[in-house]
Amino acid sequence: MTRIAGYLGFDSSLNGSGIGFISRDGEYLASSTIRVGEARGFKRLGIIRAAVRDFLVNRDVLAWAIEGYSVNSTDRPFDLGSAYGVGGLAAYDSVGAEPLIVPPSSLKLVAAG
């Protein structure tokens, strides 16, 4: 299968993390919402990790961005931090480079240009 080069974006969430991929020219190529259903704890983290790894099969990531922590957005910051960490680590394992961390307060500005 042909490998496709592009840019990755990851937005972590406890129940519906988002992941997207665009071409070098900014053309939409793929996206997915990672649904964990009723899973909690390490089972939820395993689902997120597997989904990120599966999404990156046959994709060469030139650079990637991840939404930074949204302070005070949840009463479960440690759970959210775990989802952020495991999803980000799965992407890092594939990419081998640190991401651009986009603050939630400027996410729309960065995404829209």
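The coordinates are above.
Reference entry: report on the structure contained in this document.

Quick notes on the rules
- Residues numbered from 1 in each chain as written.
- Predicted model: local features only at pLDDT ≥ 70, side-chain atom pairs only at ≥ 80, totals over all residues.
- Heavy atoms only, no water.
- Helix = DSSP H or I, 4+ residues; strand = E, 2+ residues; numbered from the N terminus.
- Buried < 20%, exposed > 50% of the residue type's maximum accessible area, 1.4 Å probe, protein only.
- Contact = heavy atoms within 4.5 Å.
- Pairing = 2+ DSSP bridges.

**A word on the environment of Arg49**
Part 1 of the argument: Within the secondary structure, Arg49 is located in helix H1 (residues 41-55).
Part 2 of the argument: With relative accessibility at 38%, the residue Arg49 sits in the partly exposed group.
Part 3 of the argument: Taking the C-alpha atoms as reference points, Arg49 and Leu89, separated by 40 residues in sequence, lie 8.1 Å from one another.
Part 4 of the argument: Setting aside its immediate chain neighbours within four residues, Arg49 contacts Val86 and Ala90.

**Section: the pairing of strand E2 (residues 16-22)**
Part 1 of the argument: Pairing between strand E1 (residues 4-11) and E2: 5 bridges, direction antiparallel. Considered in E2, the bridge of Tyr7 is made with Ile22.
Part 2 of the argument: Counting the residues in the hairpin turn of E2 and strand E3 (residues 28-35) gives 5 residues, including Gly26, whose phi is positive at 85°.

**Observations regarding the environment of Thr33**
Part 1 of the argument: Take Thr33: it is sitting in strand E3.
Part 2 of the argument: With a relative accessible area of 41%, Thr33 lands in the partly exposed category.
Part 3 of the argument: Linking Thr33 and Ser12, residues 21 residues apart in sequence, is a C-alpha distance of 9.9 Å.

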